[in-house]
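Residue-level listing of the chains:
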Amino acid sequence: MMHIEPAGACALQVLLDEPPSAALSARLAVLAQQLRQWPGIVAVVPAWDSLLLHYDLMQADYHQLVERLCPLLSQLAALEPQGAAEHSTAREHCIAVCYDHRLAPDLPWLADACGLSEAELIAKHHSASYRVGAIGFAPGFAYLAGLDPQLAQPRRATPRTQVPAGSVAVAEQQCAIYPQASPGGWHLIGRTAQPLFDPAAQPPSPWQVGDRVRFVAIDYATYLAQGGAP
């Protein structure tokens, strides 16, 4: 099942009645890739179980787009997960993370809240396989599914007014990395020196919905050698 609705004067949203999953991310990646080739399409933004389509009013019309979308969506709904994965542009990203206390202020608290030692928490975090389910909140901010259920904790009751760029954080059932310094309410358990958003680059962010992400633990000296801020 699906639902298409207007999202402002020059955008529409496709809502899929299907739980978020790797298979659904693959289907949405296929759909987004195809829609970006359509005349009049300005931007396509896939998320967990939806897709936002921005279009140029001088070149496209809402009702015409809905008419074209319906057959395509019906085909995607029948697409086998493996077939969708083969046609998607999903990639794997390896992110080096330093879990040193100087960069991970919430690590002791989170380990205690989860009933784990800090070493056990770190091992569970970087041994998991993650998937980009949505991109938003800030440019290049990717919401990652795949967090070990034992590490799931509510967001901080009081968000920080400033979270350093590169901070690796967890909240609820998700993981994320702050691409630039910003306010934030997630639990900070490490930091990476890898740049994750560059407005001058093309594309400016390395992430796409459906991409896989894995973390590799590094020590503080390696983090600094990679250009990380102390």
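Definitions and limits used
- Residues numbered from 1 in each chain as written.
- Predicted model: local features only at pLDDT ≥ 70, side-chain atom pairs only at ≥ 80, totals over all residues.
- Heavy atoms only, no water.
- Helix = DSSP H or I, 4+ residues; strand = E, 2+ residues; numbered from the N terminus.
- Contact = heavy atoms within 4.5 Å.
- Buried < 20%, exposed > 50% of the residue type's maximum accessible area, 1.4 Å probe, protein only.
- Polar contact = N/O pair within 3.5 Å; in protein donor to acceptor, adjacent residues only side chain to side chain.
- Phe/Tyr/Trp six-rings, centres within 6.5 Å; stacked < 30°, edge-to-face > 60°.
- Lys NZ or Arg CZ within 6 Å of the ring centre and 35° of its normal.

Draft legend 1. Structural detail: the environment of L76. With respect to the element layout, L76 can be found in helix α2 (residues 62-77). When sequence neighbours within four positions are dropped, the list of residues in contact with L76 reads R27, V30 and L31.

Draft legend 2. Spotlight on the side chain of R160. Looking at where R160 falls in the secondary structure, it is placed in strand β8 (residues 160-163). On the basis of relative accessibility, which here comes to 19%, the residue R160 falls in the buried class. At 2.8 Å, the side chain of R160 and the side chain of D106 are in polar contact. Contact partners of R160, with chain neighbours within four places excluded, come to P105, D106, P183, G184, W186 and L188.

Draft legend 3. The arrangement of the packing of aromatic side chains in detail. Summed over the entire model, instances satisfying the criterion amount to 8 aromatic pairs. Geometrically, the ring pair formed by F141 and W186 is edge-to-face, given 5.7 Å between the ring centres and 90 degrees between the ring planes. With F141 in the loop between β6 (130-135) and β7 (142-145) and W186 in the loop between β11 (182-184) and β12 (187-191), this pair connects stretches of sequence that are 45 residues apart. Across this residue pair, the class does not change: F141 and W186 are buried. Ring geometry for Y220 and Y223: centres 6.2 Å apart, planes at 25 degrees, overall stacked. Note that Y220 and Y223 are positioned in helix α6 (residues 220-225) at a spacing of 3 residues, about one turn of the helix. Assessed through its relative accessible area of 15%, Y220 is described here as buried. Among the residues examined, Y223 registers a relative accessible area of 1% and is labelled buried. Following the ring pairs from residue to residue traces out a cluster consisting of F137, F141, Y143, Y178 and W186. We note R102 situated over the ring of Y220; from NZ or CZ to the ring centre the distance is 3.8 Å.

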